[in-house]
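# Descriptive structure summary
In case you want the letters, here they are:
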Amino acid sequence: MRFGTVALFGRSNVGKSTFLNAVLEQDLAIVSSLPQTTRDALLGVVTRKDAQIAFLDTPGVHRPKTELGRRMNHAAFEAARTTDVVVFMTDVTAVARRPGKTREIELDPEDLRLIGQLPPAKQTPAVLVINKIDLLRDKGRLLPALVELQKVHDFAALVPISALQDDGVERVLGEIYALLSEGPAGYPSDTLTDRPTSYFVREYVREQVLVATQGEVPHAVAVSIDSYEEGKIPRILATLHVEKEGQRRILVGNSGSKIKEIGMAARARIEALLGRQIYIELFVRISPRWKDAPRQLAELGYSQDAGEPGKERE
Ligand SMILES: Nc1nc2c(ncn2[C@@H]2O[C@H](COP(=O)(O)OP(=O)(O)OP(=O)(O)O)[C@@H](O)[C@H]2O)c(=O)[nH]1
Ligand SMILES: [Mg+2]
């Protein structure tokens, strides 16, 4: 048996959470086309006959404007620093042709900055994954890009994939397997994650906000669980926190139509995870500056140590 922990690390929106779901063969993590979808590290455990890999999906590293953003980056760097292997993920936009550039391949400057902050290869081996190859018309750009990337860091392997189309995902698992050492599994074989149900309730409600709203609203929302009553049909009351009155009005919608739509879609997603019926009711509240207030951040589940594996908080 081989066992190891693996951080999924990289810029926002490159497909880290999509990849996690692909290896788990389950839509555990929330995914969206907006940047900064993932806000904290999420464990997802893949158990096979001869190996167990504990993946940590992390928030996309970005230039933070709030305390929440700083904590998100911190969670990503902590994961990359503490796991056995790092998957550095980028996507084909990083190797796309850029107007006005003279050199054939110009690596993404943000990628270069992040690669420069990876732990030394001798200490933590890293696998480079280029995602979204389904979008790349000119596949001839891939090889020179891989050559350039290999020059900036001693990656143990470089794998082009399409997480969305489940193309190359198994090869990534193979490359990770080759880097793991023999040892007992870290989790019981039926473990999927270490997060409690309440975490996924919050996430799946937030996911529907990302789907149903635009502009500043998706990023202004955090979700808290007010009560969770077990029973034949569990009864969940949750609050969506926004920063401003205008955002509250958008979320509620015309005579409550928007919040109802969000609640119904979130309920379907939660029911699919739990395999049972639930009742959920959503409220909207203005909590100004929740993204910068340490106490409120902690209450909303975004405490400073939230990203560290094994430190559950609910
Ligand atoms: N075409 C294509 N799109 C993809 C692929 N993988 C992910 N995407 C899309 O890219 C967007 C971002 O995906 P996520 O998995 O949320 O990206 P992430 O890296 O987790 O983003 P953050 O959580 O914000 O850091 C979504 O719209 C996905 O559907 C892929 O292989 N091909
Ligand atoms: Mg994500």
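Here, residues in each chain are numbered from 1, in the same order as that chain's written sequence. Here the convention is simple: chains get letters from A, ligands get numbers from 1, in the order in which they are written. Local features in this predicted model are restricted to residues of pLDDT 70 or higher, and side-chain atom pairs are both shown and tallied only at a pLDDT of 80 or more, whereas totals for entire chains, interfaces and linings draw on every residue.

## A look at the overall build of the chain
Heads up, the rule is: Numbering goes from the N terminus for both helices and strands, where a helix is a DSSP run of H or I of at least four residues and a strand is a run of E of at least two. We compute the radius of gyration over the C-alpha atoms and compare it with the globule rule, which gives 2.2 Å times the number of residues raised to the power 0.38. Neighbour counting defines burial: a residue surrounded by 20 or more other C-beta atoms within 10 Å of its own C-beta is buried, one with 12 or fewer is exposed, and intermediate counts give partly exposed, using backbone-placed C-beta atoms.
When its secondary structure is counted, the chain shows 10 helices and 10 strands. Expected size for 314 residues packed as a compact globule is a radius of gyration near 20 Å; at 20 Å, the chain falls within 12% of this value. Once the C-alpha set of the chain is aligned to its principal axes, its extents read approximately 55 × 50 × 35 Å. In the chain, which comprises 314 residues, the share counted as buried stands at 41%.

## Comments concerning the sheet that holds strand E9 (residues 235–242)
Counted only if it meets this: By this definition, two strands are paired if DSSP reports at least two bridges between them. Lines fitted to C-alpha atoms define the axes here, with helix axes fitted over just the stretch in contact, and angles between the N-to-C directions of these axes take values from 0 to 180 degrees. Residue pairs qualify as contacts under a 7 Å threshold applied to their C-beta atoms, which are placed from the backbone.
In spatial order, the strands read E8-E9-E10; together these 3 strands make up an open sheet with mixed pairing. Looking at the sheet topology across the chains shown, the edges are occupied by strand E8 (222–229) and strand E10 (279–286). Taken pair by pair, the neighbouring strands of this sheet meet at an average axis angle of 20°, ignoring direction. Here E8 runs beside E9; their pairing, made up of 7 bridges, is antiparallel. Looking across to E9, one finds that Ser224 is bridged to Thr239. Strand contacts of helix H8 (residues 245–252): E9 and E10, with the helix running at about 155° to E10, the strand carrying the most contacts.

## What about the site of ligand 1?
Basically, it comes down to this: Placing the C-beta atom from the backbone, one calls a residue near a molecule or strand if that atom lies within 6 Å of it. Residues were grouped as follows: Ala, Val, Leu, Ile, Met, Phe, Trp, Tyr, Cys and Pro as nonpolar; Asp, Glu, Lys and Arg as charged; and all remaining residues, including Gly, as polar.
Not every one of the 23 residues close to ligand 1 is listed here, only the nearest: Gly15, Ser17, Thr38, Gly60 and Leu164. At 3 residues, helix H1 (residues 16–24) tops the list of elements feeding residues into the shell around ligand 1. Here the shell around ligand 1 is built from residues that sort into 7 nonpolar, 13 polar and 3 charged.

## Considering the nonpolar core
Soluble globular proteins tend to bury their nonpolar side chains together. The criterion, for reference: Think of a nonpolar core as buried Ala, Val, Leu, Ile, Met, Phe, Trp, Tyr and Cys residues chained together by C-beta atoms that fall within 7 Å.
Grouped together as the largest cluster of nonpolar side chains are 81 residues, with contacts concentrated most on Phe9, Val87, Val127 and Val205. Aside from chain neighbours lying at most four places away, what touches Val87 is Val6, Ala7, Leu8, Phe9, Val127, Val129 and Val172.

## A short note on the packing of helix H6 (residues 197–212) against helix H9 (residues 257–274)
For clarity, the cut-off: Note that the term roughly parallel is reserved for angles under 35 degrees, roughly antiparallel for angles over 145, roughly perpendicular for angles of 65 to 115, and oblique for everything else. Helix crossings fall into two classes, left-handed where the near helix is turned counterclockwise from the far one by less than a right angle and right-handed where it is turned clockwise.
Interhelical geometry of H6 versus H9 gives an angle of 135° and a closest axis separation of 9 Å. The pairing of H6 with H9 is recorded here as oblique in orientation. Seen along the crossing, H6 lies across H9 with a hand that is right-handed. Residues Thr197, Phe200, Val201, Tyr204, Val205, Glu207, Gln208, Val209, Val211 and Ala212 of H6 form the contact with H9, whose own contacting residues are Lys258, Glu261, Ile262, Ala265, Ala266, Arg269, Ile270, Leu273 and Leu274. By residue class, the composition of the contact of H6 with H9 is 13 nonpolar, 2 polar and 4 charged.

## Here's the deal with the pairing of strand E1 (residues 2–10)
Of all 9 residues in E1, 7 are buried; the element is thus mostly enclosed. Relative to strand E3 (residues 51–57), E1 is paired through 7 bridges, and the arrangement is parallel. Across the sheet, residue Leu8 finds its bridge partner in E3, namely Asp57. Two elements, E1 and strand E7 (residues 181–182), share 2 bridges in a ladder whose sense is antiparallel. Residue pairing in the sheet places Phe3 in a bridge with Ser181 of E7. Summarising the sheet, E1 and strand E4 (residues 85–91) pair through 5 bridges and their orientation is parallel. Bridged to Leu8 within E4 is Val87.

## Thoughts on the domain arrangement of the chain
Applied cut-off: Note that domain bounds follow an automatic or database assignment of domains.
Domain annotation for the chain reports domain 1 (2–182) and domain 2 (197–299). Each of domain 1 and domain 2 has a C-alpha centre, and these two points are 29 Å apart. Taken together, the contacts link 9 residues of domain 1 with 12 residues of domain 2. Its residues placed into classes, the side of domain 1 that touches domain 2 shows 3 nonpolar, 4 polar and 2 charged.

## Let's talk about helix H3 (residues 109–116)
Put simply, the rule is: Here the arc refers to the directions that run from the helix axis out to each C-beta atom.
Buried within H3 are the following residues: Asp111, Leu114 and Ile115. Angular distribution of buried residues about the axis of H3 spans 100°; they occupy a single face of the element. Opposite its buried face, H3 presents the exposed residues Pro109, Arg113 and Gly116, each directed more than 90 degrees away. Elements that come into contact with the buried residues of H3 comprise E1, E4 and helix H4 (142–152).

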